[in-house]
Amino acid sequence: MFNFIILLVISRFFGPEEFGEFSFSLAIASITAMVVDFGINHVLIRDFTKEKNKKESLFSNAIILRIIISVVLCGLVIFFLEFLEKDLLLKYLIILLVVQSVFYVLNTTFFATYRSQGAFKYETLLKTINRSVTLFLVIFFITLRGSILSMGVAFFIGAILTLLITILLNRIRYRKPNLEGIKSLFRESWPFGILIILTAIYYKNSTIILSHLSNDYIVGNYNVAFNLILLFILVPGILSNSAYPIIAKLKIKEEIFIHIRKYRFLMLFYSGICILGSLLLGKWFVEVVYGIDFRVAASMLSVLSFSTVFLFQNILSSLLLATLRKQQVILVESLVVTIMNIALNIVLIAQNNLYGAALAFLISESIGYAIYHMYLRRNQFCHSRVDEHL
């Protein structure tokens, strides 16, 4: 929610063109952040719980591994910027956002220690501090009539400040890293990392392709519409997080599917509300909240809203497959859908830069739904118990 408010403030003040530039920069930073993340926290939380006497060495290995990945990636981004046909101000903005994303991911390494201890309140507190400081600085720079580059400075300061506070509060000691430990951590993390990276590319490639094939005005409007879709996802996300512990405890497979069917009905009903709300109130909401300059976003939102029918069901399908320990199916689906989405974006945006990205996302989600549906239909009643199915 904090991210939504921050982006809303930036878009409202700077308008479609400059918000399009910021969204393009943020898309590159987001993908960079997911590569640096590489699913390492999933392994850390598991190993911190099982091997408490090795926590400090595991933590040190994770920090070094992320620093190595960060240095390589930052070097690649700077090299890539040499060939990017954008003005110098935008290149500086990209660098600021990429570096702040790296600091933020380094910060999440400390969060893993909190999660392994069940101390979620510290992670929540630090994230709140980060977003509050960033929002304050965004508003502060806007009052000073700062350029779009100042928004990158706000994000950068927020990430640095949060990392310093986290280091001061965290009591874990740093140990000399172990090369074999770093290699082992990399090997165990990569399945999670690939899935996280694919997800980031899936959600952000449309912004990058739009920026190349269209213009910043369209990019800004598309990201306003898409950010509203991400806001809609909050409800399925909360529902999935609350449902997972309940479903994970069930042993009879039929009981799991009964619960999933109930959630599917709720999500279908909720997607209907999102579609009707977007069609009936989308134009009014966008013009009142974002301004009349973003009126094109309302039309894009109308198209994107239909993707929620498939999107929300796909969230539940991935939850079900995770319960059945079928993460490889989720990985295959993510790979296929991401490749299809990139191809569809290139083709459809070239034909229609106004609705191309929105249509590509809608078709991609429907493909993801078809993959999940075919797999579940073929396998869900093969055996009577989950343990036998596994």
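Residues numbered from 1 in each chain as written. Predicted model: local features only at pLDDT ≥ 70, side-chain atom pairs only at ≥ 80, totals over all residues. Heavy atoms only, no water.

A few words on the overall build of the protein chain. Within the protein chain, the regular secondary structure consists of 15 helices and zero strands. Burial statistics for the protein chain: of 390 residues in total, 51% are counted as buried. Excluding contacts between residues fewer than 6 apart, the proportion of contacts in the protein chain whose partners are at least 24 apart in sequence is 83%. Summing over all exposed atoms, the protein chain offers an accessible surface of approximately 18800 Å²; the carbon and sulfur share of this is 68%. (Helix = DSSP H or I, 4+ residues; strand = E, 2+ residues; numbered from the N terminus. Buried < 20%, exposed > 50% of the residue type's maximum accessible area, 1.4 Å probe, protein only. Contact = heavy atoms within 4.5 Å. Areas by Shrake-Rupley, 256 points an atom, 1.4 Å probe, with all protein chains shown as cover.)

Moving on to the nonpolar core. The nonpolar side chains of a soluble globular protein tend to be buried, and buried together. Membership of the largest hydrophobic core comes to 69 residues, with the highest contact counts inside it found for Ile10, Phe22, Ile94 and Met151. Here this core takes twelve residues from helix H1 (residues 2-37), the largest share from any one element. Ignoring sequence-local partners within four residues, the contact set of Ile10 consists of Gly15, Phe19, Phe22, Val138, Ile148, Met151 and Phe155. Membership of the second largest hydrophobic core comes to 18 residues, among which are Leu58, Ile69, Leu73 and Val105. (Core = buried A, V, L, I, M, F, W, Y, C linked by side-chain atoms within 4.5 Å.)

Further remarks concern the packing of H1 against helix H3 (residues 55-81). At a minimum axis separation of 9 Å, H1 and H3 run at an interaxial angle of 150°. Comparing the axis directions of H1 and H3 gives the class roughly antiparallel. For the element pair H1 and H3, the recorded crossing hand is right-handed. Residues Ile28, Thr32, Val35, Val36 and Asp37 of H1 form the contact with H3, whose participating residues are Arg66, Ile69, Ser70, Leu73, Val77 and Phe80. By residue class, the composition of the contact of H1 with H3 is seven nonpolar, two polar and two charged. (Axes fitted to C-alpha atoms, helices over the stretch in contact; angles between N-to-C directions. Parallel < 35°, antiparallel > 145°, perpendicular 65-115°, else oblique. Left-handed = near helix turned anticlockwise from the far one by under 90°. Nonpolar A, V, L, I, M, F, W, Y, C, P; charged D, E, K, R; others polar.)

Aromatic ring pairs are reported here in terms of the distance separating the ring centres and the angle at which the planes meet. What the rule picks out here adds up to 17 aromatic pairs. Plain terms: the ring middles of Phe79 and Phe83 are 5.1 Å apart, the flat faces sit at 65° to each other, and that makes the pair edge-to-face. Exposure class is identical for Phe79 and Phe83. Each is exposed. Pairwise contacts between aromatic rings join Tyr202, Tyr203, Tyr222, Phe226 and Phe361 into one cluster. Above the plane of the ring of Tyr104 lies Arg131, whose end atom (NZ or CZ) is 5.1 Å from the centre. (Phe/Tyr/Trp six-rings, centres within 6.5 Å; stacked < 30°, edge-to-face > 60°. Lys NZ or Arg CZ within 6 Å of the ring centre and 35° of its normal.)

Let us now look at the side chain of Ser307. Mapped onto the fold, Ser307 is located in the loop between helix H11 (295-305) and helix H12 (308-323). For Ser307, the contacting residues outside a window of four places in its chain are Phe361, Leu362 and Glu365.

Examined against the element boundaries, Ser101 turns out to sit in helix H4 (residues 88-116). You can call Ser101 buried: its relative accessible area is 5%. Once the C-alpha coordinates of Ser101 and Phe156 are considered, the two residues, 55 residues apart in sequence, prove to be 8.1 Å apart. When residues no more than four places from it in sequence are discounted, the contact partners of Ser101 are Ala29, Thr32 and Ala33.

Further remarks concern the confidence of the model for the protein chain. On average, residues of the protein chain carry a pLDDT of 84, and 88% of them reach 70 or more. Per-residue pLDDT stays below 50 along residues 381-390; that stretch engages in 25 contacts with residues further than four places along the chain or on separate chains. (pLDDT = per-residue confidence, 0-100.)

A side chain with one charge can pair with a side chain of the opposite charge if their charged atoms come near. Taken as a whole and assessed by the stated rule, the structure comprises two salt bridges. Residue Asp37 pairs with Arg66 through a salt bridge whose shortest N-O separation is 3.6 Å. Here Arg66 lies in helix H3 and Asp37 lies in helix H1, a separation of 29 residues in the sequence. Its relative accessible area of 13% is what places Asp37 among the buried residues. (Salt bridge = Lys/Arg side-chain N within 4 Å of Asp/Glu carboxyl O.)

What follows concerns the side chain of Thr207. Along the polypeptide, Thr207 turns up in helix H7 (residues 179-213). Thr207 sits in the buried class, given a relative accessible area of 1%. With residues up to four places along the chain from it excluded, the contact list for Thr207 reads Ser23, Phe24, Ala27, Val219 and Asn223.

In this section: helix H13 (residues 327-351). Helix length check: H13, at 25 residues, gives a terminal C-alpha distance of 36 Å against a target of 36 Å (1.5 Å per residue), a fit within 8%. Among the structural elements, H7, H12 and helix H14 (356-379) are those in contact with the buried residues of H13. (Expected span 1.5 Å × (residues − 1).)

All right, on to unusual backbone geometry then. You will see that Phe38, though not glycine, has its phi angle at about 55°, which is positive. Among the secondary structure elements, Phe38 is positioned in the loop between H1 and helix H2 (40-50). If you check the backbone angles, Arg145 has positive phi at about 60° while not being a glycine. Tracing the backbone through its elements, the reader meets Arg145 in the loop between helix H5 (120-143) and helix H6 (148-169).

Right, let's talk about the environment of Leu301 for a bit. Inspection of the secondary structure assignment puts Leu301 in helix H11. Residues Leu301 and Ser278, 23 residues apart in the sequence, show an inter-C-alpha distance of 6.5 Å. Leave out the neighbours within four places in its chain, and Leu301 touches Ala225, Leu228, Ile229, Phe232, Ser278 and Gly282.

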